[in-house]
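Overview (structure and organization)
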Amino acid sequence: MDRWSFSFYSKTATAKSREVEATKMAAMAALQSSFTSLSLSPSSFLGQPFAPLLYPSLAKPTEKPCPIVMRLKRWERKKCKPNSLPVLHKLHVKVGDTVKIISGREKGKTGEISQVFRHNSTVVVKDINLKTKHVKSRGEDEPGQIIKIEAPIHSSNVMLYSKEQNVASRVGHKTLENGKRVRYLIKTGEIIDSTEDWKRVVKDKEKTEAAATAAAS
């Protein structure tokens, strides 16, 4: 290729590139004029404002709610359900049952259950596990004094006791012919839940409450 042919081809390529650039510029000008005629803004589309985009929250949902811990005493915590009600445990003993202590300092002693606390599975036995308590004076009429109180015992440290055969036994459940479900001692077969015993327990409780009310008044 001689010098004249090379110059011809270079001029032709330059002219084509200029035509392409001119076409691009014309297209951009037409597009800009169309946007101006439609009065578009960056936050609108065809004259209508864009709706805000709603993005899903990126926070991870908690799988299980944490158990609520309710303050009961300084040295004790009471677990609660999500609805703030205390979690109550099933016990094998009830108020009025005669039990025998099978573990601890009072091991071997027998007594009657006076109170049951289902939130921490403890029971109070009459004249068992006595603790000394110093009561402050509340005035001239009520001076300070030192008294003995019955401290709670865990329910796993007591076993039902038969006074007739003087033996401690585990508890079982069975249904009678009349359809009533009762507890009984596995070793002796003695039925624990009887109507007479329950009436006696209720009467004793009423007498205790009446005596406490009379003493307070």
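Residues numbered from 1 in each chain as written. Predicted model: local features only at pLDDT ≥ 70, side-chain atom pairs only at ≥ 80, totals over all residues. Heavy atoms only, no water.

Helix and strand counts for the protein come out as 2 helices and 14 strands. Within the protein, the proportion of its 217 residues that are buried is 17%. Residue pairs in contact within the protein that sit at least 24 positions apart in sequence constitute 37% of those at least 6 positions apart. In the structure as shown, the protein presents an accessible area of about 18000 Å², 57% of it carried by carbon and sulfur atoms. (Helix = DSSP H or I, 4+ residues; strand = E, 2+ residues; numbered from the N terminus. Buried < 20%, exposed > 50% of the residue type's maximum accessible area, 1.4 Å probe, protein only. Contact = heavy atoms within 4.5 Å. Areas by Shrake-Rupley, 256 points an atom, 1.4 Å probe, with all protein chains shown as cover.)

The subject of this paragraph is the pairing of strand 6 (residues 110-117). Pairing of strand 5 (residues 98-101) with strand 6 involves 3 bridges; the strand directions are antiparallel. Along strand 6, the bridge assignment pairs V99 with G111. Following strand 6, the chain reverses through 4 residues before pairing antiparallel with strand 7 (residues 122-125); S121 in that reversal takes a positive phi of roughly 60°. (Pairing = 2+ DSSP bridges.)

On to the sheet that holds strand 12 (residues 167-169). Judged by pairing direction, the sheet is antiparallel, and its 6 strands sit side by side in the order 10-7-6-5-11-12 without closing on themselves. Of all the strands in the sheet, just strand 10 (153-154) and strand 12 have a single pairing partner and so form its edges. In the sheet, strand 11 (residues 158-162) pairs with strand 12 via 3 bridges, with the strands oriented antiparallel. Residue pairing in the sheet places S162 in a bridge with V167 of strand 12.

This paragraph deals with the pattern of salt bridges. A full pass over the atoms with the stated rule returns 4 salt bridges. One salt bridge connects R183 with D97, and the closest N-O pair in it is separated by 3.0 Å. Of this pair, R183 sits in strand 14 (residues 181-185) while D97 sits in the loop between strand 4 (76-80) and strand 5, and the two are 86 residues apart along the sequence. Just as R183 is buried, D97 falls in that class too. Of the charged contacts, one joins R183 and D193 as a salt bridge, the two residues approaching to 2.9 Å between their closest N and O atoms. A residue pair is termed long-range when its members are at least 10 positions apart, and R183 in strand 14 and D193 in the loop between strand 14 and helix 2 (195-216) qualify at 10 residues. The exposure class assigned to R183 is buried, which follows from its relative accessible area of 5%. Several salt bridges converge on common partners, so that one network encompasses D97, R183 and D193. (Salt bridge = Lys/Arg side-chain N within 4 Å of Asp/Glu carboxyl O.)

With that settled, consider the nonpolar core. With 13 residues, the main nonpolar core has V93, V99, V125, V158 and L160 as its most contacted residues. Elements supplying a minimum of two residues to this core: strand 5, strand 7 and strand 11. (Core = buried A, V, L, I, M, F, W, Y, C linked by side-chain atoms within 4.5 Å.)

All right, on to the side chain of E106 then. Mapping E106 onto the fold places it in the loop between strand 5 and strand 6. Note on E106: relative accessible area 12%, which makes it buried. Engagement of the side chain of E106 in a polar contact is seen with the side chain of K109, the distance being 2.6 Å. (Polar contact = N/O pair within 3.5 Å; in protein donor to acceptor, adjacent residues only side chain to side chain.)

Looking now at the packing of aromatic side chains. Using the criterion set out here, one finds 0 aromatic pairs in the structure. Of note, K174 hangs over the ring of Y184, and the distance from its end group to the ring centre comes to 4.9 Å. (Phe/Tyr/Trp six-rings, centres within 6.5 Å; stacked < 30°, edge-to-face > 60°. Lys NZ or Arg CZ within 6 Å of the ring centre and 35° of its normal.)

Within strand 11, 4 of the 5 residues are buried, leaving the element largely enclosed by the surrounding structure. The pairing of strand 5 with strand 11 spans 3 bridges and is classified as antiparallel. Pairing of V99 across the sheet is with L160, part of strand 11. Where strand 11 hands over to strand 12, the hairpin turn is made up of 4 residues, of which N166 adopts a positive phi near 50°.

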